[in-house]
Amino acid sequence: MFITYILQQPMSVPNLKKEKASPVSSLPVQPTHLIDQEVTDLVCFSHLRWNFVFQRPQHLLSRASRQWRVWFVEEPIYGDTDQLELRSIAPNLTVVVPHIPHGSTPEKSLELQRRAVDQLMVQHSIQDFIAWYYTPMALAFSRHLKPRLMIYDCMDELSAFLGAPANLLEQEKELLKRAHLVFTGGLSLFEAKQGRHDHVFAFPSSIDFNHFSPARNELPLPADLASIPGPRIGYSGVIDERMDLHLLRALAEKRPDWQFTLLGPVVKIDWANLPQAPNIHYLGFKQYASLPHYFSHWDVAIMPFAINEATRYISPTKTPEYLAAGLPVVSTPIHDVVSMYGHLTPVDIANSSDAFEQAIARALLENNSWEEVDAFLLSHSWDTTWAEMSQLIQSQLALLFE
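As the structure is a computational prediction, the values presented were derived from the model and not from experiment.

How each quantity is defined
Residues numbered from 1 in each chain as written. Predicted model: local features only at pLDDT ≥ 70, side-chain atom pairs only at ≥ 80, totals over all residues. Heavy atoms only, no water. Helix = DSSP H or I, 4+ residues; strand = E, 2+ residues; numbered from the N terminus. Buried < 20%, exposed > 50% of the residue type's maximum accessible area, 1.4 Å probe, protein only. Contact = heavy atoms within 4.5 Å. Areas by Shrake-Rupley, 256 points an atom, 1.4 Å probe, with all protein chains shown as cover. Pairing = 2+ DSSP bridges. Axes fitted to C-alpha atoms, helices over the stretch in contact; angles between N-to-C directions. Right-handed = clockwise from strand over helix to strand, strands pointing away. Arc of directions from axis to C-beta. Salt bridge = Lys/Arg side-chain N within 4 Å of Asp/Glu carboxyl O. Parallel < 35°, antiparallel > 145°, perpendicular 65-115°, else oblique. Left-handed = near helix turned anticlockwise from the far one by under 90°. Nonpolar A, V, L, I, M, F, W, Y, C, P; charged D, E, K, R; others polar.

Visitor: Quick question: what am I supposed to make of the overall build of the chain here?
Guide: Tallying secondary structure elements over the chain gives 15 helices and 16 strands in all. Within the span of the chain, comprising 402 residues, buried residues form 56% of the whole. Contacts in the chain between residues far apart in sequence, at least 24 positions, make up 72% of those at least 6 positions apart. When the accessible surface of the chain is summed, it comes to about 17000 Å², and 52% of that surface belongs to carbon and sulfur atoms.

Written as structure tokens, this is what we have:
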């Protein structure tokens, strides 16, 4: 196995310094002197690719790279070669992609992933490091590693997703047993995991306010949106089994005068099953940098999620992003949306197609006050979230170094 290096342009990460919010529970704060002289690296194992939808992993690990070298290990790509691809995203941030030959057995695939990780550790002198997991399945090729600290950032209940591996829950049980800290991507996940570990902390979806707030002014109109008249009702995110396609179809039929514009990749569902109508527009995947330009020309943002096992624990990152862009939001009754944002005036919760239609109609007419919304968003920035996580990490490291 050989290594391929690819350089990319550094990513810009705004530096927001806002009021700190307290996590759900806390560890005793320990002295942090000499800690950073010991731990130099963070190795993340992810089921999501870095260049997929820009969300929680990218926000957090971009900030982590200010403290340590961060290695973002993706799932393998199957092709004609056996190699390890290293892609430099920013200073101290590298995406690691094992390439595995087609036809490899599951056992051989795990062996090659294990060998790739070992090669990475040796060639880059990764010795005192933090292991950060987004997927329990990565334990199958990394459980032999000896990290200084192990963290499970549980951003979704992956076992409820379509096509989840049969042994995922068994692997998660092992990860919870081995992890020193467990972070959850929402309050519902916290409630589900808190009895399974001594140190579980809720860190719901946060906001990069400076990135999305320019959408409140008129930004340049994207070319593929220019031909779509208003009012524009927008959705941004992955289009998969969590989307209530029946609701979307019903809304389009009820209101042919509204234009529904959907941004994001279609994953795990057949394009043929998507609602088709003259006023439904699938504009595909958009880069994170371009999202404010689309939001700037929407009138209402929607989250038409199905109420099922796959959405039971989700905490959509789009909720605060829509609000930061100055968009009123209409959502189905997702637990974390209701509990975190339901008290805000521009957020309306609807549990039927009729109620959803009426909520959108109200949102198109209302002039909302944003002072309360902005105060809430600015206290829930990704910088604040990372600062709290970092304090917990440093405290735990200090305990381990004693």
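So much for the structure itself; the text now carries on.
Visitor: Would you take a moment to explain the sheet that holds strand β16 (residues 347–349) for this structure?
Guide: Strand pairing in a sheet takes place through backbone hydrogen bonds and is either antiparallel or parallel in direction. Spatial strand order, β13-β12-β11-β14-β15-β16: six strands in an open sheet with parallel pairing. Among the strands making up the open sheet, the edge pair consists of β13 (280–284) and β16. Neighbour to neighbour, the strand axes of the sheet diverge by 25° on average, direction disregarded. Two strands pair when backbone bridges link them, and strand β11 (residues 232–236) and strand β14 (residues 300–303) are joined in this way by two bridges, in the parallel orientation. Within β14, the position partnered with G234 by the bridge is A301. The strands touched by helix α9 (residues 245–254) within the sheet are β12 (259–263) and β13, with β12 carrying the most contacts at an inclination of about 150°. Helix α13 (residues 353–365) rests against β11, β14, β15 (329–331) and β16 of the sheet, and its axis sits at about 155° to β14.

Visitor: Sorry, what's going on with the environment of F141 here?
Guide: Note on placement: F141 falls in helix α4 (residues 139–142). The class for F141 is buried, based on a relative accessible area of 9%. Separated by 31 residues in the primary sequence, F141 and L110 place their C-alpha atoms 5.7 Å from one another. If we ignore the near neighbours within four places in the chain, the residues touching F141 are F45, L110, Q113, R114 and V117.

Visitor: How do you make sense of the pairing of β11 when you look at a structure like this?
Guide: Here is the key point about a regular strand: its side chains alternate between the two faces of the sheet. Of all five residues in β11, five are buried; the element is thus mostly enclosed. Of the two faces of β11, the one holding R232, G234 and S236 and the one holding I233 and Y235 are both buried throughout. Here β11 pairs with β12 via five bridges, running parallel. Across the sheet, the residue bridging to Y235 is L262, located in β12. Taken together, β11, α9 and β12 form a β-α-β motif whose crossover is right-handed.

Visitor: Can you walk me through helix α14 (residues 371–378) in this structure?
Guide: It helps to recall that an α-helix has 3.6 residues per turn; residues three or four apart then point in one direction. When α14 is considered as a whole, its buried residues turn out to be V373, D374, F376 and L377. The arc that holds every buried residue of α14, seen down its axis, measures 160°, which confines them to one face. Lining the buried residues of α14 we find α7 (209–212), α11 (318–324) and α12 (335–341).

Visitor: How do you make sense of unusual backbone geometry when you look at a structure like this?
Guide: It is generally the case that most residues other than glycine have a negative phi and that most peptide bonds are trans. In this model, G230 is joined to P231 through a cis peptide bond whose omega is -5°. Locating P231 in the fold gives a position in the loop between α8 (223–226) and β11. Residue N92 is not a glycine yet carries a positive backbone phi of 70°. Note that N92 resides in the loop between β5 (83–90) and β6 (93–101). Its identity as a non-glycine residue notwithstanding, K268 has a phi of 65°, on the positive side. Relative to the helices and strands, K268 is located in the loop between β12 and β13.

Visitor: Explain the pattern of salt bridges to me, please; I cannot follow it from the model alone.
Guide: Side chains that differ in sign of charge can pair as their charged atoms come close. In this structure the tally under the stated criterion is 25 salt bridges. Notably, a salt bridge pairs R178 with E174, separated by 3.9 Å at the nearest N-O pair. Of this pair, R178 and E174 are both found in helix α5 (residues 168–178), four residues apart, which corresponds to roughly one turn of the helix. Note on E174: relative accessible area 22%, which makes it partly exposed. Where R216 meets D374, a salt bridge forms, and the shortest distance between an N and an O atom there is 2.6 Å. Of this pair, R216 sits in the loop between α7 and α8 while D374 sits in helix α14, and the two are 158 residues apart along the sequence. The network of salt bridges with common partners includes R49, E74, E85 and R87.

Visitor: What is the right way to read the pairing of β13 from this model?
Guide: By the criterion of burial, β13 is predominantly enclosed, with four of the five residues buried. The pairing of β12 with β13 spans four bridges and is classified as parallel. Looking across to β13, one finds that L262 is bridged to Y282.

Visitor: Would you mind going over the side chain of N368 with me for this structure?
Guide: On the secondary structure map, N368 appears in the loop between α13 and α14. The contact partners of N368, leaving out residues within four places of it in the chain, are P328, T345 and P346.

Visitor: Can you walk me through the packing of α9 against α13 in this structure?
Guide: For any two helices packed against each other, one specifies the inter-axial angle together with the distance between the axes. Between α9 and α13, the least distance of the axes is 10 Å, while the angle of their chain directions is 55°. Our classification of the angle between α9 and α13 gives oblique. Judged by the sense of rotation from one axis to the other, the crossing of α9 with α13 is right-handed. Along its contact with α9, which presents L247, A250, L251 and K254, the element α13 presents S353, D354, F356, E357 and I360. A per-class count over the contact of α9 with α13 returns five nonpolar, one polar and three charged.

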